[in-house]
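Each chain, written out:
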Amino acid sequence: VVDFGSGGGIDCFLSARAVGPTGRVIGIDMTEDMISLARSNARKLELTNTEFHLAEMESTPLDENTADILISNCVINLAPDKDPVFREAFRILKPGGRLMVSDMVLVDDIPDEEAADTANWVACLAGAEPREVYLGKMRAAGFEGVEVLSETSVSGEDGWRSSIRSMSIKAVKPAS
């Protein structure tokens, strides 16, 4: 399992328990502080099947066809250009490998008069793209079976927040 934007490692640690001692989990994060925290947390948890790399999602130190599963939790939307992120995910997944992403996606434009209200949400919403653009970038990278498994409104159905959804999306690298 590879986790893009692994932060302090929580999703990696859950994955490490799921894959068991013979499995392997690799966290990728672009901040030294998060990599240090994740490594420290892994030592405290006595996990020997996790590793963490300081790298950007667009360019990892991993070989192609490394992972069976790639996960990412609300991080890809932060990339200014998602195309290289999805190409890198495709490259490091084995044939038949699965991409499972939870991310912020636009389902409608945010009205100009309400855009100023997004200031409190900017960190989480930076780079959120329209649904079909986001899913299209996955397909353009070569993924098949791109499917939104669930979507949840950010905060009620009022104002600009109704334009944004947290989506769980899956895709598969073709087996051949």
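These numbers were taken from a predicted model, which means no experiment stands behind them.

## Some points on the environment of Leu14
- Tracing the chain through its elements places Leu14 in helix α1 (residues 10-19).
- Note on Leu14: relative accessible area 58%, which makes it exposed.
- On a C-alpha basis, the gap between Leu14 and Val25 in space is 9.7 Å, while along the polypeptide they are eleven residues apart.

## Here we look at the pairing of strand β2 (residues 25-29)
- When you tally the buried positions in β2, you get five out of five residues, the bulk of the element.
- Side chains Val25, Gly27 and Asp29 of β2 all project onto a buried face; the interleaved residues Ile26 and Ile28 project onto the opposite face, where all are buried too.
- Sheet topology note: the strand β1 (residues 2-4)/β2 ladder contains three bridges and is parallel. Within β2, the residue paired with Phe4 across the bridge is Ile28.
- What joins β1 to β2 is α1, and the crossover it makes is right-handed.
- Where β2 meets strand β3 (residues 50-54), five bridges bridge the pair, whose relative direction is parallel. By the bridge assignment, Asp29 is partnered in β3 with Leu54.
- Once the chain exits β2 it traverses helix α2 (residues 32-44) before rejoining the sheet at β3, and the crossover so formed is right-handed.

Rules of the game
- Residues numbered from 1 in each chain as written.
- Predicted model: local features only at pLDDT ≥ 70, side-chain atom pairs only at ≥ 80, totals over all residues.
- Heavy atoms only, no water.
- Helix = DSSP H or I, 4+ residues; strand = E, 2+ residues; numbered from the N terminus.
- Buried < 20%, exposed > 50% of the residue type's maximum accessible area, 1.4 Å probe, protein only.
- Pairing = 2+ DSSP bridges.
- Right-handed = clockwise from strand over helix to strand, strands pointing away.

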